[in-house]
Amino acid sequence: MNNPQFLLEQGFKNQQAGRLEQAENFYRQALKADPNNPDGLHLLGLVVNETGDPDEAIKLLAKAVKADPANAEFSNNLGQMYKAAGRLDKAAGAYRAAIKADPNFSDAHSNLGNALVDDGRIEDAIGHYQKALDIDPDNARANYNLATTLSGRSDHLAAIGRFRRVIELAPDYAEAYNNLAYCLIEQGATEEASDHLEKALQLDPRLAVTHCNIANLYALISEWESSLDHYTQATRLEPNRADAWAGLGNAQENLGLAEDALESFRNAVEADPDNPAAVGSLCFKLMSACAWADLAPLQDRLDGLNRQTEERGGKSGENPLTSLTRSTDLEKNFRIARSWGRAIESAVRGMDVDFPIADRRQAKSVLTIGYLSSDFRDHVVAHLTQRMFAMHDRDAFRVIGYSNGADDGSDYRRIIQEGCDEFVDIRGMPGPEAAARINADRVDILVDLNGFTGGARLEIAALRPAPIQIHYLGYPGTVGADFFDYTILDPVIVSGEEEVFFSEKIISLPPCYMIHDRLAVDPSDIPGRADLGLPADAIVFCSFNKANKIEPVMFKCWMELLKETPGSVLWLSDNNPVATGNLKREAEARGVEPGRLVFAGRVPSKDQHLARLSVADIALDTRIYNGHVTTSDALAAGVPVITLRGGHVPSRATASMLTALGIPELITQDLGAYRTLALEMAGNSDELERLKGIIAEKSRTSTLFDTEAMVRLLERAYRRIWDDFANGKEPQSVRIAAEE
């Protein structure tokens, strides 16, 4: 039978039943009889597209539109095919034709919004989503598209409302539950997010992105086994998902599976070679593994991807902390931090949160200081600050600790908690709720101890719950955002002309911005060198910095020192087995017997570490990112530290400590001077003993290790900036004199 209408009806029945080959045959017969039949062209195009020939499908749909331009559905479907083929201009044109044919076609407006998003025209896209919803408020897909776009530009609060509406309209929409959970996680509402993620998996167990988000939640609370399980599921479901591979690598690393972790980060970049976050993560992991040959070609690629992202106004793929480890360029560090800071500001924009401060501008005899951190635990920040909280003058200051980290049961946690007037666990609080608590507690000065480090909750500070906000200590650089008024540094760390690379005003706190606990080594605890695998009568150089701080140029210098100092060894931290193997191979390649590198494992306590460290002769500082607590530990153990003063905060940290200790002769200005000084010290035992004696004496008497004296300096800084605030002044950089 050659009746086109009958053939089309038979084709449609087969298409509905999933018998696409039969449907295609009927449609082609119909078009033989009536070549310009718009319905036949349209239906055949849909079938051909589904069976895998998108080019022919587009041609057929284009002919259908030409045959019947008033049919909005034809143009809309043509737009979908163009979009799937990546031809965004053509797709937008087809959607506009659909809207011209039917101005009240809600789906066409929504689909045009999608094409505009892919083309980077976000505001135009949002306008079309709104138009789609003006026409049909119950359009679940348009609500979902708008919510996803709002989330993509970090407007999570507005997105949350839209996703909730999607779920009302389509209770079985798994992706909506997942995306709602993601927005809630971004706002710190992890408990509710977990419920929505479980619902998403019930609806669709094969949703890889949901497995990723659940894994992220487990990672936040250091449940690494569970995190690994879900990341593994995600990579199996979507092998080309870069974020799943990167997350898996992070979980593996935390479980001590360093080689597996590195392979996972490589897989992340292979899955998406132009993903800035994946490339940035791999660069950092290669640095941590001392895999320098693999690292070198990636660094330029990462710099290029960073620039592209920044030019588009996006968040750099490189973590600001990694940037500080890779480069001493203050301007580059600032750009990257600023891109992350702006992303956080954008994420809280639109939240229905407002904490007026006008009525807070008044003189006060007692200031409330809030310390916010995820690291009130056995962590380097707690190692430095543990006694600070209790030492505040309670006649002038009230101290509240806001903890966003797990209670590890350590003495550090206990000492800090007992040292606060109040100690509040905010882990389960969404950002607005935590900020509201800080504001309700009438905190005058909020001090964030995280910056861009693990576990940070910068969205809390971004909501401005306190009249004055400071970031301090945990992250040695600018946050690049407007929600911190000040950062605390010192004159050695930053000069006046360099303040342009900081979004915050500088509180300059001599002699050294870092607060330290006074530590001492009990001579009876000092082990013998032989027990540590060290030579009894040769120079022991050491550097207990993490492997990611070691770079080829400095390692080459260290190997030259070993070659020129007979019998000497280099004592390093064994914190990454891949790095340990690579460093041994690098030593051999530079003509040094690998056995002259001695690797020390972790010991249970700080006291034990300081006791063993005291047997070293000379500590060799790293270059781009100095030792911070590593240097502090060496000095506390009486070991001279040779440093090279660099161009940004992390590369000047040791210079700051040595200046405060009164031994600037250990600070060098270039690699040649660094090498010369190390050789001179290694060859002059009398000078070495003299220096050790000076360090031992000054570590007992210097302000550097006087926690109480440093607390008094901090308090003077707090009082100074509060008085400026109370008198209506805007934040300005201040320098606190060492003595008044």
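The present account deals with the structure reproduced in this document. (Residues numbered from 1 in each chain as written. Predicted model: local features only at pLDDT ≥ 70, side-chain atom pairs only at ≥ 80, totals over all residues. Heavy atoms only, no water.)

## Overview of the overall build of the protein
Selection criterion: Numbering of helices and strands runs from the N terminus, with a helix taken as a DSSP run of H or I at least four residues long and a strand as a DSSP run of E at least two residues long. Throughout, exposure labels follow a simple rule: accessible area from a 1.4 Å probe, protein chains only, divided by the maximum for the residue type, with under 20% read as buried, over 50% as exposed, and the rest as partly exposed. Contacts were defined at the residue level, with two residues in contact if any of their heavy atoms lie within 4.5 Å. Accessibility throughout is a Shrake-Rupley quantity obtained with a 1.4 Å probe, and a residue counts as covered only by protein chains that appear here. For the charge count, each Lys or Arg is scored as positive and each Asp or Glu as negative, with His and the chain ends excluded. Taken as the charge centre is NZ of Lys, CZ of Arg, CG of Asp or CD of Glu, depending on the residue.
Across its full length, the protein holds 33 helices and 14 strands. For the protein, the spread of C-alpha atoms along the three principal axes comes to 110 × 65 × 45 Å. Evaluated residue by residue, the protein yields a buried proportion of 56% over its 740 residues. Once local pairs closer than 6 in sequence are excluded, the contacts in the protein between residues at least 24 apart make up 65%. On the protein, roughly 30600 Å² of surface is accessible, and the fraction owed to carbon and sulfur atoms is 46%. The centroid of the 77 positive side-chain charges in the protein is displaced by 3 Å from the centroid of its 109 negative side-chain charges.

## Section: a negative patch on the surface
Here is the rule we go by: In this scheme, patches are assembled from residues that exceed 30% relative accessible area and form no salt bridge. Like charges are connected within 9 Å, while nonpolar side chains (Val, Leu, Ile, Met, Phe, Trp, Tyr) are connected within 5 Å. For this document, the term salt bridge refers to a Lys or Arg side-chain nitrogen within 4 Å of an Asp or Glu carboxyl oxygen.
On the surface, a cluster of negative charge is contributed by Glu259, Asp260, Glu263 and Glu270. Note that Glu259 resides in helix H16 (residues 258-271).

## Quick notes on helix H29 (residues 629-636)
The buried fraction of H29 amounts to 7 of the 8 residues, a majority that puts the element mostly inside the structure. Those residues of H29 that sit buried are Val629, Thr631, Ser632, Asp633, Ala634, Leu635 and Ala636. The elements touched by buried residues of H29 are helix H21 (380-385), helix H28 (606-613), strand E11 (618-620), strand E12 (641-644), helix H30 (653-661) and helix H32 (685-701). Phi for Gly638, located one or two positions after H29, is positive at around 85°.

## Things to note about the pattern of salt bridges
Charged atoms that come close allow side chains of opposite charge to pair. This structure, assessed with the given rule, holds 47 salt bridges. The closest approach of N and O atoms between Asp633 and Lys606, which form a salt bridge, is 2.9 Å. Remark: Lys606 occurs in helix H28 and Asp633 occurs in helix H29; sequence separation between them is 27 residues. Residue class for Asp633 comes out buried when judged on its relative accessible area of 7%. It is possible to trace a salt-bridge network through shared partners that takes in Asp303, Glu318, Arg326 and Lys332.

## Re the pairing of strand E10 (residues 597-600)
Here is the rule we go by: In short, DSSP must find at least two bridges between two strands for them to pair. Call a crossover right-handed when, viewed with both strands pointing away from you, the route from the first strand across the helix to the second goes clockwise.
Neither face of E10 is exposed, since Leu597 and Phe599 on one face and Val598 and Ala600 on the opposite face are all buried. Two strands pair when backbone bridges link them, and strand E9 (residues 569-573) and E10 are joined in this way by 4 bridges, in the parallel orientation. Bridging across to E10, Trp571 finds its partner in Val598. Tracing the backbone out of E9, into helix H27 (residues 577-589) and back to the parallel element E10 gives a crossover that is right-handed.

## Here we look at the pairing of E9
The two faces of the sheet receive side chains in turn, since in a regular strand these alternate between them. Most of E9 is tucked away: 4 of the 5 residues are buried. Of the pairings in the sheet, the one linking strand E8 (residues 540-543) to E9 comprises 4 bridges and is parallel in character. Paired with Val540 across the two strands is Val569, which belongs to E9. Following the backbone out of E8, through helix H26 (residues 552-564) and into the adjacent parallel E9, one traces a crossover that is right-handed.

## Concerning the packing of helix H7 (residues 106-118) against helix H8 (residues 122-135)
For any two helices packed against each other, the geometry is given by the interaxial angle and the distance between the axes. We count it as follows: A fitted line through C-alpha atoms represents every axis, and for helices the fit uses only the stretch in contact; the resulting angles, taken between N-to-C directions, go from 0 to 180 degrees. For classification purposes, an angle smaller than 35 degrees is called roughly parallel, one larger than 145 roughly antiparallel, one from 65 to 115 roughly perpendicular, and anything else oblique. With the far helix as reference, a near helix turned anticlockwise by less than a right angle produces a left-handed crossing, and one turned clockwise produces a right-handed crossing.
At their nearest, the axes of H7 and H8 sit 8 Å apart, and the two run at 165° to each other. As far as their axial angle goes, H8 and H7 are roughly antiparallel. Crossing of H7 over H8 shows left-handed handedness. Contacts between H7 and H8 involve Ser106, His109, Ser110, Leu112, Gly113, Asn114, Leu116 and Val117 from the first element and Ile122, Asp124, Ala125, His128, Tyr129, Lys131, Ala132 and Ile135 from the second.

## Some details on the nonpolar core
Test applied: Buried residues of nine kinds, namely Ala, Val, Leu, Ile, Met, Phe, Trp, Tyr and Cys, make up a nonpolar core once their side-chain atoms join them within 4.5 Å.
Counting 148 residues, the largest nonpolar core has Tyr371, Ile445, Ile470, Tyr472, Trp558 and Trp571 as the members making the most contacts within it. For this core, the element with the highest residue contribution is helix H33 (residues 707-726), accounting for 10 residues. Counting residues in hydrophobic clusters, the runner-up holds 66 residues, among them Ala30, Tyr129, Leu150 and Ile214.

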